[in-house]
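Residue-level structure breakdown
Each chain is listed here by its residues.
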Amino acid sequence: MRIDVVSIFPTFFDVLEVSLLGKARDRGLLDVRVHDLRDHAHDRHRSVDDTPYGGGAGMVMKPEPWGQALDEIVASSDADAGTVRPVIIFPSPAGELFSQATARELADEPHLVFGCGRYEGIDERVFDYAATLGRVRLMSLGDYVLNGGEVAAMAMIEAVGRLIPGVVGNPESLVEESHEDGLLEYPSYTKPASWRGREVPDVLLSGHHARVADWRRAQQVERTRIRRPDLLPAAETEPQA
Ligand code: ADE
């Protein structure tokens, strides 16, 4: 998969050189290219923002640098990824909610572009123009406001990147995670069986696989009911007898 990121803080994405995604890049599973939006600003101060029409607080990102950055990325996409139009994602608190289902959907794409806005946002015409180049999605991480799209893009890149076949060593570990089956993950324990007066639940020491599976499932439902009742169908929001 190819991922392009446009930001005025390209060094933010240096962390993509470490850990599992760093290894995935080294192994050629992931081709990440980070672009400095200011390289596409041509005035003396390399400015990328200006005051909003109609007045109001803050600054708005100018359309011209965005247009040029996206043009260049998409032109090079045709050269090495064929004719599939990229998905162009703008992280935004005003976007649709990003979820594990979104991550799975995006993990099947050959080319993602993340456009990280700052200030009060990006000139609205950029989204309209981007839709002539690719499939545009405004995506929110949750109902809170970050200073810009960078942290949100990082989170989305990690959530998507780890679903690309081969990135996570043991694909089994992807199956039993929170949100993969609509429930939160069951609790995990390792040795020692007794630690500071706290015991590992007996069932996990029993060696009885069916009972372990039942217990884990019940724990998933109970945790989800307490912490995230919004994820459960109405019938399952009552305490289990
Ligand atoms: N940019 C600022 N806040 C954001 C959020 N909650 N999600 C995605 N992008 C953002």
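These lines cover the structure that appears in this document, whether it is placed above or below. (Residues numbered from 1 in each chain as written. Predicted model: local features only at pLDDT ≥ 70, side-chain atom pairs only at ≥ 80, totals over all residues. Heavy atoms only, no water.)

With respect to the pattern of salt bridges
- Tallied over the entire structure, the rule returns 13 salt bridges.
- With its nearest N and O atoms 3.0 Å apart, the salt bridge here joins arginine 118 to glutamate 150. One end of the pair, arginine 118, is in the loop between strand E6 (111–115) and helix H4 (125–130); the other, glutamate 150, is in helix H5 (residues 150–161), with 32 residues separating them in the sequence. Glutamate 150 matches arginine 118 in its accessibility class, with the two residues each being buried.
- Counted as one network, the salt bridges with shared partners bring together Glu96, Glu105 and Arg137. (Salt bridge = Lys/Arg side-chain N within 4 Å of Asp/Glu carboxyl O. Helix = DSSP H or I, 4+ residues; strand = E, 2+ residues; numbered from the N terminus. Buried < 20%, exposed > 50% of the residue type's maximum accessible area, 1.4 Å probe, protein only.)

A closer look at the sheet that holds E6
- Strands sit in the order E2-E1-E6-E5-E7 across an open sheet of five strands; the sheet is parallel. Two strands in the sheet have a free side with no partner beyond their single neighbour: strand E2 (31–36) and strand E7 (135–140). Neighbour-to-neighbour, the strand axes of the sheet open up by a mean angle of 30°, direction not taken into account.
- For strand E5 (residues 87–97) and E6, the ladder comprises three bridges, and the chain directions are parallel. If you follow isoleucine 89 over to E6, its bridge partner there is phenylalanine 114. (Pairing = 2+ DSSP bridges. Axes fitted to C-alpha atoms, helices over the stretch in contact; angles between N-to-C directions.)

A few points about the site of the ligand
- Around the ligand, the structure places Pro91, Ser92, Pro93, Met139, Ser140, Leu141, Gly142, Tyr144, Val145, Leu146, Gly148 and Ala152.
- Here a nitrogen atom of the ligand sits 2.9 Å away from a polar atom, N or O, in the main chain of leucine 141.
- The backbone of tyrosine 144 places a nitrogen or oxygen atom 2.7 Å from a nitrogen atom of the ligand.
- Alone, the ligand offers 260 Å² of accessible surface; in the complex the protein occludes 96% of this.
- When each cavity is represented as a set of grid points, the ligand is found to reside in the largest pocket. (Near = heavy atom within 4 Å. Polar contact = N/O pair within 3.5 Å; in protein donor to acceptor, adjacent residues only side chain to side chain. Areas by Shrake-Rupley, 256 points an atom, 1.4 Å probe, with all protein chains shown as cover. 1 Å grid on protein atoms, 1.4 Å probe; cavity = no way out; pocket = protein on both sides within 12 Å on 5 of 7 lines; lining within 4 Å. Sits in = over half its atoms within 2 Å of the grid points.)

Details of the pairing of E2
- Examined bridge by bridge, strand E1 (residues 2–7) and E2 share six bridges and lie parallel to one another. Residue arginine 2 lies in a different strand from E2, and its bridge partner there is aspartate 31.
- The parallel pair E1 and E2, bridged by helix H1 (residues 19–26), forms a crossover whose chirality is right-handed. (Right-handed = clockwise from strand over helix to strand, strands pointing away.)

A short note on unusual backbone geometry
- Cis geometry is adopted by the peptide bond preceding proline 192, which originates at lysine 191 and carries an omega value of 5°.
- Mapped onto the elements of the fold, proline 192 is located in the loop between helix H6 (172–175) and strand E8 (194–195).
- One non-glycine residue, serine 19, lies in positive phi territory at about 65°.
- As for its position among the elements, serine 19 is in helix H1.
- Among the residues examined, serine 19 registers a relative accessible area of 56% and is labelled exposed.
- Phi is positive for tyrosine 119, close to 55°, though the residue is something other than glycine.
- Within the fold, tyrosine 119 resides in the loop between E6 and H4.

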